[in-house]
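Close look at the chain arrangement
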Amino acid sequence: MLVSVEASGALERRMRVEVPAQQIDSQVAERLKNVGRTARLEGFRPGKVPAKVIQKRFGPQVRQEVISEVMQASYAEALQKESLIPASNPEIEPEQIEPGKDFSYTAVFEVFPEVTLKDLDKIGVTIAEVSMGDDDIDAVLVNLREQRATWEPVERAAQAGDQVLVDFDGKLDGESIDNGKGESVPVVLGGGQMLPDFDAALLGAKAGDDKTFDVSYPADYPAEDLAGKTAEFSARIQVVNEQKLPELDEAFIKAFGVEDGTLGTLRAEVAKNMQSELTTKLAADLKQQVLDQLIDLNPIDVPQSLVKQEAHSMQHDAMRRMGVTEHADAPPEESFMPAALRRVQVGLLMQEFIKAESITLDQERVKLKMKELFAGYDDSEQMLSSYLSNPQFLQQIEPMVLEDQAIEALRAKGSEKTSSVSFKEYMDAR
């Protein structure tokens, strides 16, 4: 078997394999003999069919089977011979398949990049020291009240935060705008529901007022026919409603699962949830800082086939979350490519770091991770015991824990500093 390899790209390889005709022909002949012993053809006794008839009847099929098997075996052998590790399935281009002639083909595939990590001591993270106080808890309580707020009509002019029921009709160059017309549409002024010019035009309006105003669309507006243009709107204000927040009474508090109905217990539960959310965000932010710098300090070529596979997987995950079953209705695969590229980069770099540092999975941390996941369930201990013996579940949890261990090891190689920030400022940052 002759093998030659050429690089047709940073990671793409074209491997040409040539197999001697004798190897193919001898296997075909042996198989046709076996077929001849058992073949049943009309006009012939079993095992007495002439070789020429067997060749004519079964030869092409047998030869194709042999070529397929030889191609698989020779491809694996050639990879081993050339010390190549493919990152994707090959595209096979047969060149010569005629009987009596050497069989040859070209396999085109991508290989994994050679990764050599460097400058890990330059990784520096900023740890947020977040202050959380009573004002932050009060703000969450206001949000809870707003979730159950009611709206009551008022006879005054509309203010920021009011809800306005409005009929409107938008036109661009005298032509109606698609989806630019509505009746009795509730608009909360300042809530970001409408464009700023629309909100501003309704401020100070009263029930029964008619308004005509211009609305400028931003240059990056999703509808290309409106982006960067100015439309004229006419509107009639039907009702101006003022928001009424419910009292923090026993009934309200119990509605959020606080059995004793006291404000102190509710505040304690809110604080606990806020701390849990904060802890999760702090860990995610530190992880992102480390991985972003790892990528920046160690740029690598990435197999595009792996990126495409990852984007396809992300697209299917999005379809499941959205309840979409038809690909035509799914978000385009291209929209996932940047995130898919980052995932593949992270995967290759972290795999090399874990290997280089000989990091092994800490089983105790796996148990702790699972305890965290089941902490909110009444039968958490039973669930923990059950899932610890579930291989499929462990296949999802164990890589997460191993990655956490690697992130900690990377942090230890770099530097850290702290920065004080308020709870609101930190949680609002994205």
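1. Some points on the side chain of D199
Mapped onto the elements of the fold, D199 is located in helix α4 (residues 196-202). Although D199 lies buried, it forms no salt bridge, and the closest oppositely charged side chain, K211, sits 12 Å away as judged by the N-O distance. Among the polar contacts listed, one links the side chain of D199 to the backbone nitrogen of G190, at a separation of 2.7 Å. Here D199 is in contact with V187, V188, L189, G190, G191, G192 and M194, once residues within four sequence places are set aside.

2. Things to note about the nonpolar core
In terms of nonpolar packing, the biggest core is built from 30 residues, with L294, M350 and L410 touching the most fellow members. Secondary structure elements with two or more residues in this core: α6 (263-297), α7 (304-322), α8 (337-356) and α11 (391-413). Among the elements that make up this core, the one with the highest residue count is α8 (8 residues). Apart from residues lying up to four places away in sequence, L410 is in contact with L120, I123, V290, L294, M350 and F353. Core analysis: the next-biggest nonpolar cluster, separate from the first, contains 27 residues, V3, A39, L41 and F58 among them.

3. So, the packing of helix α9 (residues 363-374) against α11
Two elements in contact, α9 and α11, have axes whose closest approach is 9 Å; the angle formed by their N-to-C orientations is 115 degrees. As the angle between them shows, α9 and α11 are arranged roughly perpendicular. Pair α9 / α11 crosses with right-handed handedness. Of the residues in α11, those touching α9 at Q363, R365, V366, K369, M370, L373 and F374 are F393, L394, I397, E398, M400, V401, D404, Q405 and E408.

4. Quick word on the packing of aromatic side chains
What describes a pair of aromatic rings is the distance from one ring centre to the other and the angle between the planes of the rings. Across all of its chains, the model carries 12 aromatic pairs by this definition. Summarising the aromatic geometry, the rings of F198 and F213 are spaced 5.3 Å apart at their centres and angled 85 degrees between planes, so their arrangement reads as edge-to-face. You can see F198 sitting in helix α4 and its partner F213 sitting in strand β9 (residues 210-216), a full 15 residues away along the chain. For the pair shown, F198 and F213 are each scored as buried. For the ring pair F374 and Y387, a centre distance of 5.2 Å and an interplane angle of 35 degrees mean the geometry is tilted. You can see F374 sitting in helix α9 and its partner Y387 sitting in helix α10 (residues 380-388), a full 13 residues away along the chain. Given a relative accessible area of 6%, F374 falls into the buried group. Joined through ring pairs, the aromatic side chains of F168, F198, F213 and F233 make up one cluster. The side chain of R148 reaches across the aromatic face of F256, ending 4.5 Å from its centre.

5. A closer look at unusual backbone geometry
Phi is positive for S83, close to 55 degrees, though the residue is something other than glycine. With respect to the secondary-structure elements, S83 resides in the loop between α2 (51-82) and β3 (91-96). We classify S83 as exposed; its relative accessible area is 63%. Positive phi values are uncommon outside glycine, yet S184 reaches one of about 50 degrees. Mapped onto the elements, S184 comes out in strand β8 (residues 175-188). Among the residues examined, S184 registers a relative accessible area of 37% and is labelled partly exposed.

Reading the values: the criteria
- Going along each chain's sequence as written, the residues are numbered from 1 onward.
- The predicted origin of the model limits local features to residues at a pLDDT of at least 70 and limits the giving and counting of side-chain atom pairs to 80 or more, whereas totals for whole chains, interfaces and linings rest on all residues.
- Excluding hydrogens and water, the side-chain figures rest on all heavy atoms present in the structure.
- Put simply, DSSP H or I for four residues or longer makes a helix, DSSP E for two residues or longer makes a strand, and each gets a number counted from the N terminus.
- A 1.4 Å probe rolled over the protein chains alone gives each residue an accessible area, and that area as a share of the maximum for its type sets the label: buried under 20%, exposed over 50%, partly exposed in between.
- Here the positive residues are Lys and Arg and the negative ones are Asp and Glu; neither His nor the chain ends is included.
- For this document, the term salt bridge refers to a Lys or Arg side-chain nitrogen within 4 Å of an Asp or Glu carboxyl oxygen.
- Any pair of N or O atoms that falls within 3.5 Å is considered a polar contact. Within protein, one atom must be able to donate a hydrogen and the other to accept it, and sequence-neighbouring residues count only if both atoms are side-chain atoms.
- Here a residue-residue contact requires only that any non-hydrogen atoms of the pair lie within 4.5 Å.
- Among the buried residues, those of types Ala, Val, Leu, Ile, Met, Phe, Trp, Tyr and Cys that are joined through side-chain atoms within 4.5 Å form a nonpolar core.
- For helices, the axis comes from a line fit to the C-alpha atoms of the stretch in contact; other axes are also lines fit to C-alpha atoms, and the angle between any two N-to-C directions lies between 0 and 180 degrees.
- We call two directions roughly parallel when the angle between them is under 35 degrees, roughly antiparallel when it is over 145, roughly perpendicular when it lies between 65 and 115, and oblique otherwise.
- We call a crossing left-handed when the near helix sits turned anticlockwise from the far one by less than a right angle, and right-handed when that turn is clockwise.
- Only Phe, Tyr and Trp rings are paired, with Trp represented by its six-membered ring, and only when their centres lie within 6.5 Å; those with planes under 30 degrees apart are stacked, over 60 edge-to-face, the remainder tilted.
- Each ring is checked for a lysine NZ or an arginine CZ that lies within 6 Å of its centre and within 35 degrees of its normal; such an atom marks a charge sitting over the ring.

Everything listed is a geometric property; what it means functionally is a separate question.
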